Amino acid sequence: MSGTIAIVTGASRGLGAALARNLAGSARQLITVSRNSDQQTQRLAEASGCQHVHYGHDLSDVQHIEAAALGIFAQLDQTADQYLLINNAGSLGPVAQYDTLDDAHAISSTFNLNVTSAMLLTTALLRATRALSADVRVVNISSGAGRSPTAGWGVYCATKAALDMYTRVARLEAPHARLVSLAPGVIDTTMQATIRSGNTDDFPDLARFNAMNETGVLRSPQAVAENVIRYINSEHFASKELDDIRQYSQ
């Protein structure tokens, strides 16, 4: 057997769903991890002959993260030509400045979803493939927020900065794989709607995000997913530790 085994987290909506739907038409096996399954992904997989396996885990919960890593990689098919992990699951988390940022559970859950899940799933993949001759690729979906501070986004910025640094460290530790932390740009998702529903006391930059929505700057999840897949299959993939898909957009 050959082909690609692709794993996508946060695959029930937004960019994650768009990535999973794209890969359902080309991968030999697609593994999705999210609290809810996406029926369109399943239908596309069935139509193309792709084996689709869904794990219904909440990756903001450490026990669910561990269960996902164990469930996926304990029985990972080791006959593929390529293994692709896209750590897309993420949340904006609490939007608050220092004087009101006091919800420890919300902060912890956001770090679990945005960072811990990516670290543990990546580690599990690297361990499972280190003795194989296959092409191993990891894409950690980051954000410009991890590279440029934004008032009110202390938690989100910190998690994406942590994800960036983890990617850089993993590249040093695992020469058998290629890893990149990739910023996807601004996308028309529920996260953007959440941002626009806030207030300027917590998020002073609110007007700029409202303007992006009103002027049509936000890109669709499908368009961004297509660019990400092209990038993954291109000569540019992982040429940089930290990259931005907007440099390769068509």
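Placed above this text is the structure.
The model shown is predicted, which means the values in this text are computed figures rather than measured ones.

Definitions and cut-offs
- Residues numbered from 1 in each chain as written.
- Predicted model: local features only at pLDDT ≥ 70, side-chain atom pairs only at ≥ 80, totals over all residues.
- Heavy atoms only, no water.
- 1 Å grid on protein atoms, 1.4 Å probe; cavity = no way out; pocket = protein on both sides within 12 Å on 5 of 7 lines; lining within 4 Å.
- Points joined across faces, edges and corners; volume = space filled by probe spheres on them.
- Helix = DSSP H or I, 4+ residues; strand = E, 2+ residues; numbered from the N terminus.
- Nonpolar A, V, L, I, M, F, W, Y, C, P; charged D, E, K, R; others polar.
- Pairing = 2+ DSSP bridges.
- Axes fitted to C-alpha atoms, helices over the stretch in contact; angles between N-to-C directions.
- Parallel < 35°, antiparallel > 145°, perpendicular 65-115°, else oblique.
- Left-handed = near helix turned anticlockwise from the far one by under 90°.
- Contact = heavy atoms within 4.5 Å.

Quick word on the layout of surface pockets
Alright, step 1. Approximately 1,200 Å³ is the volume found for the largest pocket.
Alright, step 2. In terms of lining, the largest pocket is formed by 50 residues, of which the most central are Gly 90, Ser 91, Leu 92, Tyr 156 and Met 191.
Alright, step 3. Sorting the residues of the lining of the largest pocket by element identifies helix H1 (14-23), helix H4 (104-129), helix H5 (154-173), helix H6 (190-196) and helix H7 (206-214) as the ones contributing at least two each.
Alright, step 4. It is H6 that contributes the most residues to the lining of the largest pocket, five residues altogether.
Alright, step 5. In terms of residue class, the lining of the largest pocket is built from 19 nonpolar, 24 polar and seven charged.

Thoughts on the sheet that holds strand S2 (residues 29-33)
Sheets are built from strands paired through backbone hydrogen bonds, the pairs being either parallel or antiparallel.
Alright, step 1. Strand order in the open sheet formed by seven strands is S3-S2-S1-S4-S5-S6-S7, and the pairing between neighbours is parallel. Each edge of the open sheet carries a strand with a single partner, namely strand S3 (51-55) and strand S7 (242-244). Here the average twist between neighbouring strands, direction ignored, is 20°.
Alright, step 2. Of the pairings in the sheet, the one linking strand S1 (residues 4-9) to strand S4 (residues 82-87) comprises five bridges and is parallel in character. Each bridged residue has a counterpart across the sheet, and for Val 8 the counterpart in S4 is Ile 86.

What about the packing of H4 against H5?
Alright, step 1. The contact between H4 and H5 brings their axes to 9 Å, and the two run at 15°. With respect to their mutual orientation, H4 and H5 come out roughly parallel. When the axes of H4 and H5 are compared, the crossing they make is right-handed. Note on element contacts: H5 touches H4 through Val 155, Tyr 156, Ala 158, Thr 159, Lys 160, Ala 162, Leu 163 and Tyr 166, opposite Ile 107, Thr 110, Phe 111, Asn 114, Val 115, Ala 118, Met 119, Thr 122 and Thr 123.

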